[in-house]
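# Notes for the structure review
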Amino acid sequence: MRPFIGIIGPESSGKTTLARYLAARYNGVFVPEFAREYMENLHRPYTIDDVHAITHHQIAHLDALCSDTESATAPVFFDTELIITKVWFEHKYGICPDYLSDALQRYPMTVYLLTYPDLEWIPDPVRENPDIRLELFQRYEAEIQALDIPYYIIRHTAHAEED
């Protein structure tokens, strides 16, 4: 089975840069964050129906990737994936649709790279959570642990050794 690498973390924590780099470095497939593309083209406040549409698109894409036999060995690097969508549903609307929980079980990642929120917040029109990045990081980590999938925490800040 082809490796699926989920790169998740709070907003403005380096996910896109890391996913693109790894896909290029390992001759893999880069899957961009669909929610960002969707929201940038929405031109109105999003609703729960939009989050459902995003989720259905993500699941259909996962299904297509699992069915692809031509490049079945190339690793796939996801710039965000269903855990972020689950936490988004729960945070914003207090629910998690059953079909989303089912999809998390049906399309497991091979490994997660969880980006720690130690980069400076860079605002943009679709980002909305500058003050709860650590809380979101902890929620993502708990979701990964509940799925019992290996993960690595990616920290960006270099710490100099003190003399």
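Scoring rules and cut-offs
- Residues numbered from 1 in each chain as written.
- Predicted model: local features only at pLDDT ≥ 70, side-chain atom pairs only at ≥ 80, totals over all residues.
- Heavy atoms only, no water.
- Helix = DSSP H or I, 4+ residues; strand = E, 2+ residues; numbered from the N terminus.
- Rg over C-alpha atoms; globule rule 2.2 N^0.38 Å.
- Buried < 20%, exposed > 50% of the residue type's maximum accessible area, 1.4 Å probe, protein only.
- Contact = heavy atoms within 4.5 Å.
- Areas by Shrake-Rupley, 256 points an atom, 1.4 Å probe, with all protein chains shown as cover.
- Lys, Arg positive; Asp, Glu negative; His and termini not counted.
- Charge placed at Lys NZ, Arg CZ, Asp CG, Glu CD.
- Axes fitted to C-alpha atoms, helices over the stretch in contact; angles between N-to-C directions.
- Parallel < 35°, antiparallel > 145°, perpendicular 65-115°, else oblique.
- Left-handed = near helix turned anticlockwise from the far one by under 90°.
- Core = buried A, V, L, I, M, F, W, Y, C linked by side-chain atoms within 4.5 Å.
- Expected span 1.5 Å × (residues − 1).
- Arc of directions from axis to C-beta.
- Pairing = 2+ DSSP bridges.

## Quick notes on the overall build of the protein chain
A count of helical and extended segments in the protein chain gives 6 helices and 5 strands. Starting at the N terminus and ending at the C terminus, the protein chain contains elements arranged as β-α-β-α-α-β-α-α-β-α-β. The C-alpha atoms of the protein chain give a radius of gyration of 16 Å, which matches the 15 Å a tight globule of 163 residues would have. Each principal axis of the C-alpha atoms in the protein chain carries an extent, and together these give about 55 × 40 × 30 Å. The proportion of buried residues among the 163 residues of the protein chain is 43%. A separation threshold of at least 6 residues defines the contact pool for the protein chain, and within that pool the share at least 24 residues apart is 77%. Per element, the accessible surface of the protein chain, about 9200 Å² overall, is 52% carbon and sulfur. Computing the positive centroid from 13 side-chain charges and the negative centroid from 26, the protein chain places the two 2 Å apart.

## Brief notes about the packing of helix H4 (residues 82–93) against helix H6 (residues 133–147)
Packing of H4 against H6 leaves a shortest axis separation of 10 Å and a crossing angle of 120°. Between H4 and H6, the angle is such that the two are oblique. Regarding H4 and H6, the two cross each other, and that crossing is right-handed. Where H4 abuts H6, its residues Ile83, Ile84, Lys86, Val87, Glu90 and His91 lie against Leu136, Arg139, Tyr140, Glu143, Ile144 and Leu147.

## Details of the nonpolar core
Ile8, Phe78, Ile83, Tyr112 and Tyr140 are the most contacted members of the largest nonpolar core, which totals 35 residues. At the level of secondary structure, the elements contributing two or more residues to this core comprise strand E1 (4–8), helix H2 (34–40), helix H3 (48–67), strand E3 (76–79), H4, helix H5 (98–106), strand E4 (111–115) and H6. In contact with isoleucine 83, other than residues within four places in its own chain, are Ile8, Leu104, Tyr112, Tyr140, Glu143, Ile144 and Leu147. Core analysis: the second largest hydrophobic core is formed by 9 residues, Ile5, Ile7, Leu18 and Leu22 among them.

## Details of H6
For H6, spanning 15 residues, the distance from its first C-alpha to its last is 21 Å, which sits close to the expected 21 Å at 1.5 Å a residue. Of the residues making up H6, those classed as buried are Arg133, Leu136, Phe137, Tyr140, Glu141, Glu143, Ile144 and Leu147. Around the axis of H6, the buried residues are gathered within 160° of arc, so they sit on the same side. Looking at the buried side of H6, the elements it contacts are E1, H4, H5, E4 and strand E5 (151–154).

## Side note on the sheet that holds E1
Strand order in the open sheet formed by 5 strands is E2-E3-E1-E4-E5, and the pairing between neighbours is parallel. Looking at which strands have only one partner, the edges of the open sheet turn out to be strand E2 (29–31) and E5. The sheet shows a mean angle of 20° between the axes of neighbouring strands, direction not considered. In this sheet, E5 lies alongside E4 in parallel orientation, the contact comprising 4 bridges.

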